[in-house]
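Single-letter residue listing:
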Amino acid sequence: MDISEMLARNARQFPDRVALIERVSSKGLRLTLSWKEFDQNVNRIADALAKKGVKKGDIVVHWMMNSLSWFEAYFGIIRTGAVVAPLNFRFTEKDFKYCMDVARPKAVIIDEQFTDKVVHSGCEHLPEGACIVNGLSSTQEMESLATMKAQSSPHPFWTSIEPWDPCGLYFTSGTTGVPKPILLTHNNMEYASIIEVVHQLRQQGDRFVILKPLYHTGDFIHWLSSLILGESAVMQGGKITPKAIFEIMEEEHGSVCMLLVPWIQDILSDLEARRLKKEDYELDHWRLLLLGAQPVPPNLIKRWKEEFPRMLFDENYGLTEGTGPQCIHLGIENEHKVGSIGKPGFNWEVKLVDDFGNDTPAGQVGEIVIKGNGVMKGYYKNPEKTAETIRDGWLYTGDLARMDSDGFYWIVDRKKDLIICGGENVYPSEVEEAIQTHPSVHDVGVIGLPDERLGEIVVAVIKLKFHVPESSETKTDLLQFFEESLPRYKRPRRIIFDEVPRNPTGKIEKTVMRRKYS
């Protein structure tokens, strides 16, 4: 059963049960949507898209913030049989144009706040008559999503969908400095919903709390367990603070939530300083904490368990190419192995291999390769990269690990130079490309260095042009340039003026840099 049909089934079986709750902090609003209303709105969007010529196999770009409308648009797209392409809300005009050039979508659905970026992107592939905006205003070129829904039918919309049909086109940044388009199938999504229930021991009455962006195959995949069970979920808008987390968990009776390491550190710091007091909140419903997206310091969980001894904890390892989290997970019964990413997930195979694809001996470091129903269909329009990454059904992750005598995997390093800053992927080549445009920069190399709060921070090693002084004024000028040219999570937090080490072929020696500056 594909996830669109799961939604339709919930509307038949639990029509009046609350499916989704959206808390709009800035306006003091709490919006709810029943399974029946959810399904009918999805039918309306599917009907409207079909009238615009969207059909099975087409791509529809989806650029929205977390909201009830995000879910409705996502499911409205896939119900037509089209492929949804959810974009990172931090993407720039340049990123948007690149994604559009690759996807060549039949339609685009965006939040109102992205209209200026779309207009100024210089994109030559905006679908005529099929640009839809979610917001109060519309233009001659963009139609209102609300108006479109009001003029469409809520009656069941059906399309023949096979398990191997593409469902989602997820753009995740690559080592080449441009977003990689990853194609996931309906079978991938269905399997992800099943494994979420198995791993989290999800049960009737659970309420999942969504705090992370839904464009990731992170919280959205975790939410699929709520979908398959027909249970409710709640999302929080605005700034995520310790107080906001406690309030939503208390007021909405949240039972399952995924937190990033920096959020946990903030909570523990506020509890220690008594800026936040557990006794002020009723948190007994909160039974399971999920972690992932970056390495989890064991001491952090030790401190958390001292504060919340009865709360269960699970850590997940995954990647978009494997339909998000869960191909390896720690398991709530294995808290004594915190620091490890765990064992193979339900119905997943995992092994470690050397550079030639041979299994590595026990205890030695190798690359993690995985096999299971979550493995992507491939990189969109890139058969060469797909063949390089998926070999004989095994997905090569690029992550290096070792396995202990109990069968638990421990991450050692990454083959790729990916930096994970506060749970967000930052690829050095993207940052290097931007910095290189500054008129004072002669050469630059970007690495990630350990940080207690964010996991890693972005560090730029810069060789200035000979006439530019290595001064505080120069550093201030560069920091101002970063603010203007890079999203916040990609900006270097530390600048080092030095030579950039390169090997004889001209490649930056990142290992040398990390060893020198860490």
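This text goes with the structure placed above it.
Remember, predicted model here, so these are calculated numbers, not experimental data. (Residues numbered from 1 in each chain as written. Predicted model: local features only at pLDDT ≥ 70, side-chain atom pairs only at ≥ 80, totals over all residues. Heavy atoms only, no water.)

### Focus: helix H3 (residues 68-79)
(1) Moving on: When the terminal C-alpha atoms of H3 are compared, their 17 Å separation across 12 residues agrees well with the 16 Å that a helix rising 1.5 Å per residue should span.
(2) Moving on: Across the 12 residues that make up H3, a large majority, 12, are buried.
(3) Moving on: Considered for burial, the residues of H3 that qualify are Leu 68, Ser 69, Trp 70, Phe 71, Glu 72, Ala 73, Tyr 74, Phe 75, Gly 76, Ile 77, Ile 78 and Arg 79.
(4) Moving on: Residue Ser 67 occupies the N-cap position of H3, its side-chain oxygen lying 3.3 Å from the main-chain nitrogen of Ser 69.
(5) Moving on: Looking one or two residues beyond H3, the residue adopting positive phi is Gly 81, at roughly 90 degrees. (Helix = DSSP H or I, 4+ residues; strand = E, 2+ residues; numbered from the N terminus. Expected span 1.5 Å × (residues − 1). Buried < 20%, exposed > 50% of the residue type's maximum accessible area, 1.4 Å probe, protein only. Polar contact = N/O pair within 3.5 Å; in protein donor to acceptor, adjacent residues only side chain to side chain.)

### Focus: a nonpolar patch on the surface
(1) Moving on: Residues Ile 194, Val 198 and Phe 346 make up a contiguous nonpolar surface patch of roughly 220 Å² in combined accessible area.
(2) Moving on: Relative to the elements of secondary structure, Val 198 occurs in helix H7 (residues 186-200). (Patch = residues over 30% accessible without salt bridge, like charges linked within 9 Å, V, L, I, M, F, W, Y side chains within 5 Å. Areas by Shrake-Rupley, 256 points an atom, 1.4 Å probe, with all protein chains shown as cover. Salt bridge = Lys/Arg side-chain N within 4 Å of Asp/Glu carboxyl O.)

### Comments concerning the packing of aromatic side chains
(1) Moving on: For the coordinates displayed, the defined rule picks out 21 aromatic pairs.
(2) Moving on: Here the aromatic rings of Trp 70 and Tyr 74 are separated by 5.1 Å at their centres, their planes lie at 20 degrees, and the arrangement is stacked. In this pair, Trp 70 and Tyr 74 both sit in helix H3, 4 residues apart, roughly one turn of the helix. Accessibility assignment for this pair places Trp 70 and Tyr 74 in one class, buried.
(3) Moving on: Seen from their ring centres, Tyr 74 and Phe 220 are 4.6 Å apart, and the 45 degrees between their planes marks the pair as tilted. Taken together, the positions of Tyr 74 in helix H3 and Phe 220 in helix H8 (residues 219-229) put the pair 146 residues apart, joining distant regions of the chain. There is no split in this pair, since Tyr 74 and Phe 220 are both buried.
(4) Moving on: One aromatic cluster in this structure is built from Trp 35, Phe 38, Trp 70, Phe 71, Tyr 74, Phe 75, Phe 220 and Trp 223.
(5) Moving on: Here the basic side chain of Lys 278 rests over the ring of Phe 308, its NZ or CZ set 5.5 Å away from the ring centre. (Phe/Tyr/Trp six-rings, centres within 6.5 Å; stacked < 30°, edge-to-face > 60°. Lys NZ or Arg CZ within 6 Å of the ring centre and 35° of its normal.)

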